[in-house]
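Commentary on secondary and tertiary structure
So you can see what is in the structure, the chains are spelled out below.
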Amino acid sequence: MEEIESEDEEDDQILPDLPNAEEYDEIRMRCAPNPNGPWHMGHARMPAVIGTYAEEYDGEFIVRFDDTDPETKRPLLWAYDEILEEVEYLGFEPADVYRASDRLEIYYDHARDLIEKGGAYTCSCSGEEFSDMKNSGEACPHRDKDAETTMAEFEAMIDGEYDSGEMVLRVKTDIEHKNPALRDWVGFRIIDTPHPREEAEEYRCWPMLDFQSGVDDHLTGVTHIIRGIDLQDSAKRQQFVYDYFGWEYPEVIHWGHVQVDEYDVKMSTSTIRELIEDGELDGWDDPRAPTLPSVERRGIRGEAIVDAMVELGTSTSNVDLAMSTVYSNNRELIDDDADRYFFVREDHVDFTLAGDHPEEAHPPVHPEHEDRGTRDIDAGNRVRVEAEDVPEDGERIWLKGFGCFRRDGETFEYAGDDISAVRDEGVDVIHWVPADTAVLTRMRTIHGDQIGYAEPGFRDTEEDEMVQFERVGFVRVDDHEESDESVAYFAHE
RNA sequence: GCUCCGUUGGUGUAGUCCGGCCAAUCAUCUUGCCCUCUCACGGCAAGGACCAGGGUUCAAAUCCCUGACGGAGCACCA
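Model, not experiment: these values are computed from the prediction.

**Quick look at helix 8 (residues 234-245)**
Every α-helix winds through 3.6 residues per turn, so residues three or four apart in the chain are directed the same way. With 12 residues, helix 8 extends 17 Å from end C-alpha to end C-alpha; this agrees with the ideal 16 Å at 1.5 Å per step. Residues of helix 8 that are buried include every one of Ser234, Ala235, Gln238, Phe240, Val241, Tyr242 and Phe245, and no others. Where the residues of helix 8 are buried, they touch helix 4 (104-116), strand 5 (168-171), helix 7 (209-219), strand 8 (224-228) and strand 9 (251-255).

**Section: the packing of helix 7 against helix 8**
At their nearest, the axes of helix 7 and helix 8 sit 9 Å apart, and the two run at 65° to each other. Taken together, the axis directions place helix 7 and helix 8 in an arrangement best described as roughly perpendicular. Here helix 7 and helix 8 pass one another in a crossing that is right-handed. Facing helix 7, whose interface residues are Leu209, Asp210, Ser213, Gly214, Asp217 and His218, helix 8 presents Ser234, Arg237, Gln238 and Tyr242.

**Some words on the packing of aromatic side chains**
What describes a pair of aromatic rings is the distance from one ring centre to the other and the angle between the planes of the rings. Enumeration over the complete set of coordinates arrives at 21 aromatic pairs. Taken together, a centroid distance of 6.1 Å and an interplanar angle of 45° make the contact between Tyr53 and Tyr57 tilted. Separated by 4 residues within a single helix, Tyr53 and Tyr57 lie in helix 2 (residues 45-57), roughly one turn from each other. Residue Tyr53 is classed as buried on the basis of its relative accessible area, which comes to 0%. Owing to a relative accessible area of 24%, Tyr57 belongs among the partly exposed residues under this scheme. One aromatic cluster is present, formed by Phe342, Phe351, Phe402, Phe405, Phe412, Tyr414 and Trp432 through successive ring pairs. Across the ring face of Phe130, the terminal group of Arg170 is positioned such that the distance to the ring centre comes to 3.2 Å.

**Considering the pattern of salt bridges**
Across all of its chains, the model carries 37 salt bridges by this definition. Ionic pairing is found between Lys236 and Asp233, a salt bridge with its closest N-O pair at 4.0 Å. Judged by its relative accessible area of 46%, Lys236 is partly exposed.

**Side note on the sheet that holds strand 27 (residues 486-492)**
Spatially, the 7 strands line up as an open sheet ordered 12-25-26-27-23-24-13, and their pairing is mixed. If you trace the sheet from one side to the other, it starts and ends with strand 12 (339-341) and strand 13 (343-345), each paired once. Averaged over all pairs of adjacent strands, the angle between strand axes in this sheet comes to 40°, irrespective of strand direction. Direction of pairing for strand 25 (residues 466-469) relative to strand 26 (residues 473-479): antiparallel, over a ladder of 4 bridges. When the bridges of strand 26 are listed, Met466 appears paired with Arg476. This element, helix 12 (residues 323-334), spans strand 25, strand 26 and strand 27 of the sheet and lies at about 120° to strand 27.

**Describing the domain arrangement of chain A**
Per the domain assignment, the segments of chain A are domain 1 (13-101 + 255-327), domain 2 (103-207) and domain 3 (340-492). Between the C-alpha centres of domain 1 and domain 3 there is a distance of 38 Å. Domain 1 puts 14 residues into the contact, and the matching count from domain 3 is 12 residues. When the area that domain 1 buries against domain 3 is broken down by residue, the three leading residues are Pro287, Arg297 and Arg298, summing to 49%. Here domain 1 is connected to domain 3 by 3 salt bridges. Arg297 serves as the salt-bridge partner of Asp478, at 2.9 Å between the closest nitrogen and oxygen. Between domain 1 and domain 3 we count 7 residue pairs in polar contact (both at pLDDT 80 or more) in total. Along the lines of polarity and charge, the residues of the side of domain 1 that touches domain 3 split into 4 nonpolar, 1 polar and 9 charged.

**Section: the protein's contact with RNA strand B**
Taken together, 55 residues lie around RNA strand B, and Lys73, Arg189, Arg331, Gly401 and Arg471 are the ones closest in. Across the atoms of RNA strand B situated within 4 Å of the protein, the share located in sugar and phosphate is 69%. Ser131 is positioned such that a nitrogen or oxygen atom in its side chain is 3.3 Å from a phosphate oxygen of RNA strand B. Contacts to RNA strand B include Leu312, whose backbone N or O atom sits 3.0 Å from a phosphate oxygen. Mapped by element, the contributors of at least two residues to the surface near RNA strand B are helix 5 (127-135), strand 6 (186-190), helix 11 (302-312), strand 11 (319-321) and helix 12. Partitioning the surface near RNA strand B into residue classes produces 16 nonpolar, 20 polar and 19 charged.

**A look at unusual backbone geometry**
Trans peptide bonds make up most of the peptide bonds, and negative phi angles are found at most residues other than glycine. Note that the residue after Glu346, namely Asp347, is joined by a cis bond; omega there is -10°. As for its placement among the helices and strands, Asp347 is situated in the loop between strand 13 and strand 14 (348-354). The phi torsion at Asn20 lies on the positive side, around 50°, for a residue other than glycine. One can find Asn20 in the loop between helix 1 (2-12) and strand 1 (28-31). Residues other than glycine seldom take positive phi values, yet Asp58 does so here, at roughly 55°. Relative to the helices and strands, Asp58 resides in the loop between helix 2 and strand 2 (60-65).

**Here's the deal with the side chain of Arg64**
When you line up the elements, Arg64 lands in strand 2. Side-chain polar atoms of Arg64 contact the side chain of Ser213, separated by 3.2 Å. Of the polar contacts made by the side chain of Arg64, one reaches the side chain of Asp217; its length is 2.9 Å. Once residues within four sequence positions are removed from consideration, Arg64 is found in contact with Arg30, Cys31, Ala32, Pro33, Tyr98, Gln212, Ser213, Asp216 and Asp217.

**Some words on the environment of Asp163**
Mapped onto the elements of the fold, Asp163 is located in the loop between helix 6 (147-158) and strand 5. Taking the C-alpha atoms as reference points, Asp163 and Ile190, separated by 27 residues in sequence, lie 6.5 Å from one another.

**Digging into the environment of Arg183**
Looking at the element boundaries, Arg183 is found in the loop between strand 5 and strand 6. The exposure class assigned to Arg183 is buried, which follows from its relative accessible area of 10%. Separated by 63 residues in sequence, Arg183 and Gly246 have C-alpha atoms that sit 20 Å apart. Arg183 has contacts with Lys134, Asn135, Ser136, Gly137, Thr173, Asp174, Ile175, Glu176, His177 and Lys178, leaving out every residue within four places of it along the chain. A distance of 3.4 Å separates a polar atom in the side chain of Arg183 from the backbone oxygen of Ile175.

What counts as what
- Residues numbered from 1 in each chain as written.
- Chains lettered and ligands numbered in written order.
- Predicted model: local features only at pLDDT ≥ 70, side-chain atom pairs only at ≥ 80, totals over all residues.
- Heavy atoms only, no water.
- Helix = DSSP H or I, 4+ residues; strand = E, 2+ residues; numbered from the N terminus.
- Expected span 1.5 Å × (residues − 1).
- Buried < 20%, exposed > 50% of the residue type's maximum accessible area, 1.4 Å probe, protein only.
- Contact = heavy atoms within 4.5 Å.
- Axes fitted to C-alpha atoms, helices over the stretch in contact; angles between N-to-C directions.
- Parallel < 35°, antiparallel > 145°, perpendicular 65-115°, else oblique.
- Left-handed = near helix turned anticlockwise from the far one by under 90°.
- Phe/Tyr/Trp six-rings, centres within 6.5 Å; stacked < 30°, edge-to-face > 60°.
- Lys NZ or Arg CZ within 6 Å of the ring centre and 35° of its normal.
- Salt bridge = Lys/Arg side-chain N within 4 Å of Asp/Glu carboxyl O.
- Pairing = 2+ DSSP bridges.
- Domains from an automatic or database assignment.
- Buried area = accessible area lost by both parts, 1.4 Å probe.
- Polar contact = N/O pair within 3.5 Å; in protein donor to acceptor, adjacent residues only side chain to side chain.
- Nonpolar A, V, L, I, M, F, W, Y, C, P; charged D, E, K, R; others polar.
- Near = heavy atom within 4 Å.

Here it is as structure tokens:
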């Protein structure tokens, strides 16, 4: 029995083993977003994977907002909480939440330390000047400054005595390092634009990512870092700081970029924001936007996304996430609970009913759960079907849950309720709605809105409920009240 | 230009460290059939990949070399 359980557990672990996990008492990882907007699908990968690792290793993870650039990557104040909600939506809870903009004094103290150790110098070269020297392996004239001068100038940076661009603090690495990306990088610079957070609005001297993140990873006990290949030189840069302080660098995993298919909109926070500002998207949760608020509104469960992300693994090459995988996961989660309804899309055609047909139709609420009973649809005098489903004149069609009809021009003549017409004679089964009482419904999809008509009982569904429009797909009920049309968000087939 | 890194079917992934059990795993996907008053769910079947070329070896997806292709960094962005 024990053996079986342990085997099962092994099967459950899809992610590759964490490097040197056994050397740490407790695994602790971090998710370090920049709060400059809500998350898109790609952002879900980090909490999905480190949250899963935390579960597998009985460890924990933290969220740390790396909000150290009030200007070019200006944080949005509401994005902090929004992102935390998205982590929750994905089904995870961080052990701690930090904001780098709360921690400036900590970074300053470490910078002072570093200066005393001779590991940093203030530099007033222009970016271009320095870049030229650096690329030819030459030290700039400021490199040999004594620690006292550097310290005084660094304090002046903190005190706001320089304008943006006038002075930076560089970490002294190896000016002749064969990889030019590692040579004497900037640790602190001046930004004139105040930080949007009240708590941080007075600061002008801001650490760069490599300094801030390097210090914080150590101070917050991070044992394993996952980051993108765009940051593959970061560990090597930060290693110089760690060496000055005598710290051990955490384990690092680099992964490639993730792309998501299906969407017409590029997956980038700035692109999405522009489209919203231009009015092309209704907001961050527009179904056409590849964002987490959007997929949540469509009724995709966080778990479906997490499973798909975890399956992507942590390879260093770029990967494409097929939304079909997410949909497949989600279908499995929701199918059992999703009641069935009819929904006739544009273009539609109406037919007058003729003959001795029953007044009501009684299709099952869910084909696999008879106990949930049937819907009762009063057919009225006319039914509405999709143009694509209209049979040739004179041919029969089976209105699902209702009965067989033969088309005669613009009328449907009742042709009985003998199911053998379907089973043995090949009559097609289609969905339909009563034309006069159907519920006008806007179905919002990833490729734009679609108008249609739901059966009357759809009015009684509750907001947030997942239902299946038979032969159309699964949707999340969004709203019945706001306008004269009901609104549903299309999830997937 | 300099410096890193990668390349298994449409997509993702296992296997690569320690060469043979790999004529390559699993999922998704596509197609067909079955089930069915849904094109959902379920069942069955099929399709589809080791970037290329050399080398080492009895044996290479796995080791070595070269090349091609792709990605990333060389920011006072994260």
